[in-house]
Amino acid sequence: METAIQSFLFDGNPISSKKYGEGHINQTYLVVTDKGKRYIMQRLNDTVFKDCEGLMRNVDAVTSFLAKKYDDSRRCLHLIPTKDGKAWFVDKEGKHWRVYDFVEESVCLQSPRSLDDFKNSGAAFGNFQAALLEFPASTLSETIPNFHNTPARYVQFKESLIRNVAGRIDEVKEEIDFILSREEDASYLQNKLNSGVLPLRVTHNDTKLNNVLFDEKTNDALCIIDLDTIMPGLIAYDFGDSIRFGASTGAEDEKDLSKIEMSLERYKAYCDGFIPACPGISPEEIRSLPYGAKIITLENALRFLMDYIDGDVYYKIARPEHNLDRARTQIKLVSDMESKFHQMLKIAEAFIKS
Ligand code: ADP
Ligand code: GN1
Ligand code: MG
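Residues numbered from 1 in each chain as written. Chains lettered and ligands numbered in written order. Predicted model: local features only at pLDDT ≥ 70, side-chain atom pairs only at ≥ 80, totals over all residues. Heavy atoms only, no water.

Details of the packing of aromatic side chains
All chains considered together, the criterion is met by 15 aromatic pairs. A centroid spacing of 5.8 Å and a plane angle of 50 degrees characterise the contact between phenylalanine 239 and phenylalanine 274, whose relative ring orientation is tilted. Placement of phenylalanine 239 in helix H8 (residues 235–246) and of phenylalanine 274 in helix H9 (residues 264–277) is noted, with a sequence separation of 35 residues between them. The exposure classification of phenylalanine 239 matches that of phenylalanine 274, with both residues buried. Ring geometry for tyrosine 314 against tyrosine 315: centres 4.8 Å apart, planes inclined by 70 degrees, an arrangement best described as edge-to-face. A relative accessible area of 24% places tyrosine 314 in the partly exposed class. Joined through ring pairs, the aromatic side chains of Phe118, Phe239, Tyr267, Tyr270 and Phe274 make up one cluster. (Phe/Tyr/Trp six-rings, centres within 6.5 Å; stacked < 30°, edge-to-face > 60°. Helix = DSSP H or I, 4+ residues; strand = E, 2+ residues; numbered from the N terminus. Buried < 20%, exposed > 50% of the residue type's maximum accessible area, 1.4 Å probe, protein only.)

So, in structure tokens, the structure goes:
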């Protein structure tokens, strides 16, 4: 950490650094200098990201592209260079580090404070799509191959069941059955992509509410963060991941499942923000959105449960059954979405222009 801190061109001398935020993947620190300037410094998770160089090239290219579009510097992330002019630093152990300007006077939410917050976040992700419309997609590295290829996730899941590394599968039979019984549903969007019905766009792929910063004063959704998984993908998954996290009436790791529901009111608010902001969204894409919500939630249930079965090697955990608790909330959400699916589809279809 010390050599990494010394390598970046901060405004002033760093006087403190401490762990920061609620992300599940990278090590994130808040660094403050003697001039009172604040920064976000991150060490990339190289278990999750096998190609950190490719990832950092993506982030550098996307942030530079976006910076030219916005007058207000708080609207996108800015990388701080190293003292020798590089966009990231590699330490002696081969770990990759980066520093962003801290987006000041902003708040990060774990759940929307109002329907307007959620609608605003939808508009921000829709605008993000619009801003990247002309970004050269072919220059992007695939930072996690098959990231939202749900059928491929099922293949990994079954392999993990066979390995049963942590010896936990007997205690989670019910959850495993839930996931396996929905394997066919999980291919719905991938099939539409393969047959050319749905197009690939440059998508964010990790559109949780805590990957948006809101303006502290105006409550406007200001800045999209966590750009590690920007890759070509389906718009339905960007929509869906926002719904999975922000339309849930409880936290992702809530133990009391009676608190977990997918709020149709919030779903509608997100549609109001997202769909009109998405450039050239086709009727087929609009119809795919509720499927995106259900499938990405199922995919997250599978991923959390698989990590529990694998012995907690992927996500950060704060308690022994953390990944299992997370898998259970996702399963509850999938069930709830199944019972509300007809209404979800109707709400989305109302945005198709006749
Ligand atoms: P992870 O990939 O681990 O989720 P993120 O890049 O999302 O890491 O960062 C973790 C948290 O750090 C965010 O949820 C947010 O609270 C905070 N954060 C990240 N970047 C900034 C920034 N530039 N300004 C202010 N806060 C930030
Ligand atoms: C991770 O990095 P973070 O916490 O924003 C994960 C997402 C999951 C999410 C579940 C690179 O997101 O795919 O949906 O946790 N990111 C990666 O909360 O795997
Ligand atoms: Mg994050």
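More follows now that the structure is in view.
Let's talk about the nonpolar core
If you look at the biggest cluster of nonpolar residues, it comprises 68 residues, and the most contacted ones within it are Ile243, Met262, Tyr267 and Phe274. The next biggest cluster of nonpolar side chains, apart from the first, holds 22 residues, and it includes Ile169, Val172, Met306 and Tyr315. (Core = buried A, V, L, I, M, F, W, Y, C linked by side-chain atoms within 4.5 Å.)

Observations concerning the sheet that holds strand E6 (residues 106–108)
Pairing in this open sheet of three strands is antiparallel, and the strands run E6-E8-E9 from one edge to the other. In this open sheet, the two strands that pair with only one neighbour each are E6 and strand E9 (221–224). Direction aside, neighbouring strands of the sheet carry axes that sit 35 degrees apart on average. Sheet topology note: the strand E8 (residues 212–215)/E9 ladder contains three bridges and is antiparallel. When the bridges of E9 are listed, phenylalanine 214 appears paired with alanine 221. Along the sheet, helix H3 (residues 115–131) makes contact with E8 and E9, crossing E9 at roughly 45 degrees. (Pairing = 2+ DSSP bridges. Axes fitted to C-alpha atoms, helices over the stretch in contact; angles between N-to-C directions. Contact = heavy atoms within 4.5 Å.)

A word on the coordination of the magnesium ion (ligand 3)
Coordination sphere of the magnesium ion (ligand 3), protein contribution only: Asn211 (OD1) and Asp226 (OD), at 2.3 Å. With asparagine 211 in the loop between strand E7 (201–203) and E8 and aspartate 226 in the loop between E9 and strand E10 (231–233), the pair connects residues that are 15 residues apart, well separated along the chain. (Donors = N, O, S within 2.8 Å, 3.2 Å for Na, K, Ca; no water.)

Some words on unusual backbone geometry
The backbone phi angle of glutamate 105 is positive, close to 55 degrees, even though this residue is not glycine. Summarising the element assignment, glutamate 105 is placed in the loop between strand E5 (96–101) and E6. Located in the positive-phi region is asparagine 205, a residue other than glycine, with phi close to 75 degrees. Summarising the element assignment, asparagine 205 is placed in the loop between E7 and E8. For asparagine 205, a relative accessible area of 5% translates into the label buried.

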